[in-house]
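Structural features, examined
Listed here are the chains, written in short residue letters.
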Amino acid sequence: MDLSNPIVWVHEEALGPANPALEDCPQAPALFVFDDDWIKAQSISRKRLGFLYECALELPLTLRRGDVVAEVLAFAKRCDADGVVTSGAVDPRLNRYASRINRELPLWILDGDPFVELPRPPRLGRFSRYWREAEAVVWEDFRGS
Amino acid sequence: MPAPSPPPDPRDLPRLFKSRAELNALLQQEFPEAQGELSPIRGGRKAAEVKLSKVDPARYARSRNHLSGAVTGLSPYIRHGVFSLAEVRNAVFRRISRRDDGTKLINELGWRDFWQRMWQDLGDGIQQDQEEHKTGHDAGSYAPELPQDVRDGSTGLACMDGFRDELVSTGWLHNHARMWLAAYLVHWRRVHWRAGADWFLEHLLDGDPASNHLSWQWVASCFSHKPYFFNRDNLERYSNGRFCRDCASAGQCPFEGSYDALEDQLFAVSAPVRDVPARGRAQRRRR
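Here the structure is a predicted model, which means the values were calculated and not measured. (Residues numbered from 1 in each chain as written. Chains lettered and ligands numbered in written order. Predicted model: local features only at pLDDT ≥ 70, side-chain atom pairs only at ≥ 80, totals over all residues. Heavy atoms only, no water.)

Let's talk about the overall build of chain B
Stated formally: Segments assigned H or I by DSSP are reported as helices when at least four residues long, segments assigned E as strands when at least two residues long, and all are numbered from the N terminus. Just to be clear, the radius of gyration here is over C-alpha atoms, and the globule rule we use is 2.2 Å times residues to the power 0.38. Each residue gets one of three labels from its accessible area relative to the maximum for its type: buried under 20%, exposed over 50%, partly exposed in between, using a 1.4 Å probe on protein chains only.
Each helix and strand counted, chain B has 13 helices and zero strands in total. Taken from the N to the C terminus, the helices and strands of chain B come in the order α-α-α-α-α-α-α-α-α-α-α-α-α. In summary, chain B has a C-alpha radius of gyration of 21 Å against a globular reference of 19 Å for 287 residues, a match within 12%. Looking at chain B as a whole, 56% of its 287 residues qualify as buried.

So this is what it looks like as structure tokens:
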């Protein structure tokens, strides 16, 4: 099902123009929320908040603070949106938020250009194992002289 | 760029500031519990592009272990997606003509990708010891709290207090300084890695639980087959002696000594934990 009037939820892992949700929906109202719970629980310093703020100011975003899920859903309502588009996150906290948003509204999660695309999941555990599989694939795109 | 406009709401945070002082004041008002001031390191794509334009992959490879080396400073921007890893990879490829010149920097980007994949795999499990400690000390013997003198930067050790000051005032530390500070806390002060890792996340602009927590565990030896430690000679060499020259504790430096002697002092294992390369070669594995 296509979303006809989505909003974009931008989170802390994708505060740049390569954010696939922003690239895909340049006309959609977009939101970044300062996560009060995270800031409090981790004692996040003002330096970090200022850095995030300055990143966000260079993107076409509405800025809020509070409960992330409640703020995203309220923003969707305010914009009369029929769904939410966001970028894939690694942080389990952000993925928990995504699941909760998706209980209320359709949520599309878009992935950006990967660093390396491997034919099968690499062996992790130690960097050396991963890099034995990944390094050659990373360099496939290099066109040296 | 113009933002697609939603209906206005008075509780939206402002987007227009005359100066950074205004932003600082707004943050103070909105987040009074958040400690400290703004970092001199600015956020945003424009600042990131300036950093990227200065990246020199070959110089990075030669000098990155030195505090004054040609490191990129891109980590805060990569951590928050201001640049994707793929964008930085492509920029490195464009800047080099020989693969050898980019090997180390691409390798470092690989580390970032690796940590993220580990996080995807482990989820909140990165908060826990991944393996047993190989120091001969019980995991429960490490103090759960950060010592106040470390938090305040009043240990009397010029290097460690200097790293603390840089961490707290700028939100960024050279990787080698992170390793030394982590090793000092975990091995010399016998503090659990998690206390130090959480402290770093309060301050680091690139604070990423995966890179940070797993690197602390690498130093501690619960994500590695041996603990990482260092001696004064190593710190002095890679910091060009800048801390030792005027250090009030230089006469009783806790890092003074051979790796053998320090190992005996710090760890309680029967077999040697060290595998120190010959002097003059690259130092032991970095994060």
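A closer look at helix H5 (residues 92-104) of chain A
Residue and element names in this part refer to chain A. Quick note on the threshold: To estimate the expected span of a helix, count its residues, drop one, and scale the result by 1.5 Å. Nitrogen and oxygen atoms within 3.5 Å of one another constitute a polar contact, given that in protein one can donate a hydrogen and the other can accept it, and given that sequence-neighbouring residues count only through two side-chain atoms.
Helix length check: H5, at 13 residues, gives a terminal C-alpha distance of 19 Å against a target of 18 Å (1.5 Å per residue), a fit within 8%. The complete set of buried residues in H5 reads Pro-92, Arg-93, Leu-94, Tyr-97, Ala-98 and Ile-101. Put simply, Asp-91 is the residue that caps the front of H5, since its side-chain oxygen is 2.9 Å from the backbone nitrogen of Arg-93.

A closer look at the packing of aromatic side chains
Selection criterion: Pairing of aromatic side chains requires ring centres within 6.5 Å, counting the rings of Phe and Tyr and the six-membered ring of Trp. Pairs whose planes differ by under 30 degrees are stacked, by over 60 edge-to-face, and all others tilted. By definition here, charges over rings are those cases where NZ of Lys or CZ of Arg is within 6 Å of the ring centre and within 35 degrees of the ring normal.
If you walk through the whole model with that rule in mind, you get 30 aromatic pairs over all chains. For the pair Phe-163 of chain B and Trp-180 of chain B, a centre-to-centre distance of 5.9 Å together with 20 degrees between the ring planes defines the contact as stacked. Here Phe-163 of chain B is found in helix H8 (residues 158-170), whereas its partner Trp-180 of chain B is found in helix H9 (residues 175-188), with 17 residues between them in sequence. Both residues of the pair, Phe-163 of chain B and Trp-180 of chain B, belong to the buried class. Geometrically, the ring pair formed by Tyr-184 of chain B and Phe-255 of chain B is edge-to-face, given 5.7 Å between the ring centres and 85 degrees between the ring planes. With a gap of 71 residues between them, Tyr-184 of chain B in helix H9 and Phe-255 of chain B in the loop between helix H12 (232-238) and helix H13 (259-266) connect regions that are remote in the sequence. By relative accessible area, which is 2% here, Phe-255 of chain B ends up buried. Grouping aromatic residues by their ring pairs yields a cluster made of Phe-127, Tyr-130 and Trp-131 of chain A together with Trp-111, Phe-114, Trp-115 and Phe-223 of chain B. Directly above the ring of Phe-223 of chain B sits Arg-126 of chain A, whose terminal nitrogen or CZ lies 5.5 Å from the centroid. It is Arg-194 of chain B that lies over the ring of Trp-193 of chain B; its NZ or CZ is 5.3 Å from the centre.

Comments concerning the domain arrangement of chain A
Formally: Just so you know, the domain bounds were taken from an automatic or database domain assignment.
Its domain assignment divides chain A into domain 1 (6-110) and domain 2 (114-145). Relative placement of domain 1 of chain A and domain 2 of chain A: their C-alpha centres are 30 Å apart.

Some points on the interface of chain A and chain B
Threshold: Residue contacts follow a heavy-atom distance rule, with two residues in contact if any of their heavy atoms lie within 4.5 Å. The buried area of a pairing is the accessible area, by a 1.4 Å probe, that goes missing from both parts when the two are put together, added over both. A pairing counts as a salt bridge when a side-chain nitrogen of Lys or Arg comes within 4 Å of a carboxyl oxygen of Asp or Glu. Side-chain classes follow a simple rule in which Ala, Val, Leu, Ile, Met, Phe, Trp, Tyr, Cys and Pro form the nonpolar group, Asp, Glu, Lys and Arg form the charged group, and the remainder, Gly included, forms the polar group.
Chain A puts 66 residues into the contact, and the matching count from chain B is 83 residues. Taken over both partners, the interface formed by chain A and chain B buries close to 6600 Å², and the fraction arising from carbon and sulfur atoms is 58%. Of all residues in chain A, the largest losses of buried area upon contact with chain B belong to Arg-46, Lys-47 and Phe-115 of chain A, amounting jointly to 14% of the total for that side. Taken together, the links from chain A to chain B amount to 11 salt bridges. With a closest N to O distance of 3.7 Å, Arg-11 of chain B and Glu-71 of chain A form a salt bridge. The interface formed by chain A and chain B includes 35 residue pairs in polar contact (both at pLDDT 80 or more). Looking at the side of chain A that touches chain B, the elements that each hand over two or more residues are helix H2 (36-41), helix H3 (46-57), strand S3 (62-66), helix H4 (68-78), H5 and helix H6 (127-139) of chain A. Considered class by class, the residues forming the side of chain A that touches chain B number 38 nonpolar, 10 polar and 18 charged.

Focus on unusual backbone geometry
Residues and elements named next belong to chain B. In this model, Arg-190 sits at a positive phi of 55 degrees, which is unusual for a non-glycine residue. Position of Arg-190 among the secondary structure elements: in the loop between H9 and helix H10 (193-203). Relative accessible area serves as the criterion here: at 28%, Arg-190 is assigned to the partly exposed category. One non-glycine residue, Asn-240, lies in the positive phi region at around 50 degrees. Tracing the chain through its elements places Asn-240 in the loop between H12 and H13.

Here we look at the domain arrangement of chain B
Residues and elements named next belong to chain B. Under the domain assignment used here, chain B contains domain 1 (45-124) and domain 2 (139-266). Spacing between the C-alpha centres of domain 1 and domain 2 amounts to 23 Å. Interface of domain 1 and domain 2: buried area, both sides summed, is about 1700 Å²; carbon and sulfur atoms make up 64% of it. On inspection of domain 1 and its partner domain 2, the count reaches 11 residue pairs in polar contact (both at pLDDT 80 or more). Elements supplying a minimum of two residues to the side of domain 1 that touches domain 2: helix H4 (75-79) and helix H6 (99-122). It is H6 that provides the largest number of residues to the side of domain 1 that touches domain 2, a total of seven residues. Considered class by class, the residues forming the side of domain 1 that touches domain 2 number eight nonpolar, seven polar and three charged.

Section: the nonpolar core
Applicable threshold: Note on terminology: a nonpolar core comprises buried Ala, Val, Leu, Ile, Met, Phe, Trp, Tyr and Cys residues joined through side-chain atoms within 4.5 Å.
Core analysis: the largest hydrophobic core is formed by 74 residues, its most contacted members being Val-8, Leu-15, Phe-34, Leu-61 and Tyr-130 of chain A together with Phe-114 of chain B. For this core, the leading source of residues is H6 of chain B, giving eight residues. Sequence-distant contacts of Tyr-130 of chain A, that is, excluding residues within four places in its chain, are made with Phe-115, Val-116, Leu-118, Pro-122, Arg-123 and Leu-124 of chain A together with Gly-110, Asp-113, Phe-114 and Arg-117 of chain B. Membership of the second largest hydrophobic core comes to 45 residues, among which are Ala-183, Trp-188, Cys-253 and Phe-255 of chain B.

Looking at the sheet that holds strand S2 (residues 30-35) of chain A
Residues and elements named next belong to chain A. Using the following cut-off: Pairing between strands requires that DSSP locate at least two bridges from one strand to the other. Angles run from 0 to 180 degrees between N-to-C directions of axes, and those axes are lines fitted to C-alpha atoms, restricted for helices to the stretch in contact.
Reading across from one edge, S3-S2-S1-S4-S5 is the order of the five strands in this open sheet, with parallel pairing throughout. Two strands in the sheet have a free side with no partner beyond their single neighbour: S3 and strand S5 (107-110). With direction set aside, neighbouring strand axes in the sheet form an average angle of 30 degrees. Across three bridges, the pairing between strand S1 (residues 6-10) and S2 is parallel. Each residue of the ladder has a partner; that of Val-10, found in S2, is Phe-32. Against the sheet, H4 makes contact with S1, S2, S3 and strand S4 (83-87), and its axis sits at roughly 155 degrees relative to S2, the strand it touches most.

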